[in-house]
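Spelled out from the first residue to the last, the chains are:
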Amino acid sequence: MANGCGHPAALHTGEAPILASATVGARFWLLIEHSGPWAAYLDECRLPDKVRALIDRATALGVRPQLIRRTGRRNGSGGPLHVFAGSAVGAEPWLAEGRFDDPDDLDLDALVHGVVPESCILVSEPVFLVCTHAKRNACCARIGLPLARFLDEQLPGQVWETTHVGGDRYAANLVCLPHGLYYGSMSQAAAIAAANAYRHGEVVLDRFRGRAGIPEPSQAAEHFVRSHTGELSVGAVAVESSRSNGDTTVCIVVRNAPAGSSRFRVVVEPAVFAAPCGLACAEEISTYRLAELSLLTPALT
């Protein structure tokens, strides 16, 4: 166990499978700038009453709240509350930025209906979140902080430290917004490759956890179609329908490519990866295996 880490080492190095592990519930996002300190859980953080009420309101509406801060900055800035609000739903996700003297003025009902809240302005550049939430899990700070500093140097103004994003066992975790793409087990080289690919509208399958907001079996099905076809465009692969039969999930996945569209029948099943490091790392890692992948229709131009 390095530095008190109880996770199998393979999870932090990219040797273990991490596909289909993105947070399922994050379809809408609310990022609130707050320099800290951050307690283990959001409801334990020292926050102004109206900010806490905003977080409670977001949670009740199914919006995922995150606290964010600039790398290396811990002093409160004062002034209006700085937020990003975003929708990761569908083929055209978006992220908008706003500043509010009164957090009650942020219209979260508009957000969950896919409408940019009043007084927020759409942002044209991606936002990258690196989990550095030490109070939640030491690995996120030990591995995440150096990664956040590195990415901030490479992509100034686009990188934020953030609270728990889910899956601390996969630290360092990187989230690409507005699409909600999750990456884990990030090295500096892997992270900058993923970030640059996203800035050009693509994913990198290496260390790709999946897209947040969709069921894990669907994330797995999309991953296997991308791997099979080599399709890396962010919006080109999506699950059209799925049905479960016990532990097995059958998905119909659509790939939209310049040469035409095609549909695949993809069957995925839960699987277990046993970390190859002896009894000290006896934890079994849940993942998915591909049981079947077949082309239903040829490319249609």
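These remarks concern the structure in this document.

Thresholds, definitions, all that
- Residues numbered from 1 in each chain as written.
- Predicted model: local features only at pLDDT ≥ 70, side-chain atom pairs only at ≥ 80, totals over all residues.
- Heavy atoms only, no water.
- Helix = DSSP H or I, 4+ residues; strand = E, 2+ residues; numbered from the N terminus.
- Contact = heavy atoms within 4.5 Å.
- Areas by Shrake-Rupley, 256 points an atom, 1.4 Å probe, with all protein chains shown as cover.
- Axes fitted to C-alpha atoms, helices over the stretch in contact; angles between N-to-C directions.
- Parallel < 35°, antiparallel > 145°, perpendicular 65-115°, else oblique.
- Left-handed = near helix turned anticlockwise from the far one by under 90°.
- Nonpolar A, V, L, I, M, F, W, Y, C, P; charged D, E, K, R; others polar.
- Polar contact = N/O pair within 3.5 Å; in protein donor to acceptor, adjacent residues only side chain to side chain.
- Buried < 20%, exposed > 50% of the residue type's maximum accessible area, 1.4 Å probe, protein only.
- Pairing = 2+ DSSP bridges.
- Salt bridge = Lys/Arg side-chain N within 4 Å of Asp/Glu carboxyl O.
- Patch = residues over 30% accessible without salt bridge, like charges linked within 9 Å, V, L, I, M, F, W, Y side chains within 5 Å.
- Lys, Arg positive; Asp, Glu negative; His and termini not counted.
- Charge placed at Lys NZ, Arg CZ, Asp CG, Glu CD.
- Core = buried A, V, L, I, M, F, W, Y, C linked by side-chain atoms within 4.5 Å.

Re the overall build of the protein chain
And then number 1: Along the protein chain, the regular secondary structure elements total six helices and 14 strands.
And then number 2: Taking the intrachain contacts of the protein chain between residues at least 6 apart in sequence as the baseline, contacts between residues at least 24 apart amount to 64%.
And then number 3: Surface summary for the protein chain: the accessible area is close to 13,700 Å², and the carbon and sulfur share equals 50%.

Concerning the packing of helix α4 (residues 138-154) against helix α5 (residues 188-199)
And then number 1: For the pair α4 and α5, interaxial distance at closest approach is 10 Å and the crossing angle is 45°. It follows from the interaxial angle that α4 and α5 lie oblique. For α4 against α5, the interelement crossing comes out right-handed. Listed contacts from α5 to P146, L147, F150, L151 and Q154 of α4 are Q188, A191 and I192.
And then number 2: In terms of residue class, the contact of α4 with α5 is made up of six nonpolar, two polar and no charged.

Re the side chain of N173
And then number 1: Within the secondary structure, N173 sits in the loop between β7 (159-162) and β8 (174-177).
And then number 2: Here the side chain of N173 touches R209 through a polar contact of 2.8 Å, side chain to side chain.
And then number 3: Those residues within four positions of N173 in sequence are excluded, and the remaining contacts are L129, V130, C131, V165, G166, G167, D168, Y183, G184 and R209.

Focus: the pairing of strand β4 (residues 94-100)
And then number 1: A large share of β4 lies buried, amounting to five of its seven residues.
And then number 2: Of the pairings in the sheet, the one linking strand β3 (residues 81-87) to β4 comprises seven bridges and is antiparallel in character. Its bridge partner lying in β4, F84 is registered against E97.
And then number 3: Hairpin connection of β3 to β4: six residues between the antiparallel strands, including G90 at a positive phi of 75°.

Here we look at the pattern of salt bridges
And then number 1: Under the defined criterion, the tally for this structure stands at nine salt bridges.
And then number 2: Between R289 and E269 there is a salt bridge; the shortest N-O distance is 2.5 Å. With a gap of 20 residues between them, R289 in strand β14 (residues 284-300) and E269 in strand β13 (residues 260-274) connect regions that are remote in the sequence.
And then number 3: Counted as one network, the salt bridges with shared partners bring together K50, D102 and D104.

Let's talk about a negative patch on the surface
And then number 1: Residues D101, D105, D107, D109 and E118 make up a contiguous surface patch of negative charge.
And then number 2: Mapping D107 onto the fold places it in the loop between β4 and α3 (108-112).

A short note on the nonpolar core
Nonpolar side chains in soluble globular proteins tend to be buried together.
And then number 1: Ranked by size, the top nonpolar core spans 44 residues in total, and within it W29, L129, L151, L174 and Y183 carry the most contacts.
And then number 2: Those elements giving two or more residues to this core turn out to be β1 (28-33), β6 (127-131), α4, β7, β8, β9 (181-183) and α5.
And then number 3: Sorting elements by how many residues they give to this core places α4 first, with seven residues.

Concerning the pairing of β8
And then number 1: By the alternation rule, side chains of β8 split into L174 and C176 and V175 and L177, which are all buried.
And then number 2: Note that β6 and β8 share four bridges and pair antiparallel. Bridge assignment links V130 to a residue of β8, and that residue is L174.
And then number 3: Note that β8 and β9 share three bridges and pair antiparallel. Its bridge partner lying in β9, V175 is registered against Y182.
And then number 4: From the end of β8 to the start of β9, which pair antiparallel, there are three residues, and G180 there has a positive phi angle of about 75°.

Some details on the environment of D104
And then number 1: With respect to the helices and strands, D104 occurs in the loop between β4 and α3.
And then number 2: The exposure class of D104 is partly exposed, given its relative accessible area of 45%.
And then number 3: As for D104 and L54, which are separated by 50 residues in sequence, their C-alpha atoms are 6.9 Å apart.
And then number 4: Those residues in contact with D104, other than ones at most four positions away along the chain, are K50 and R57.

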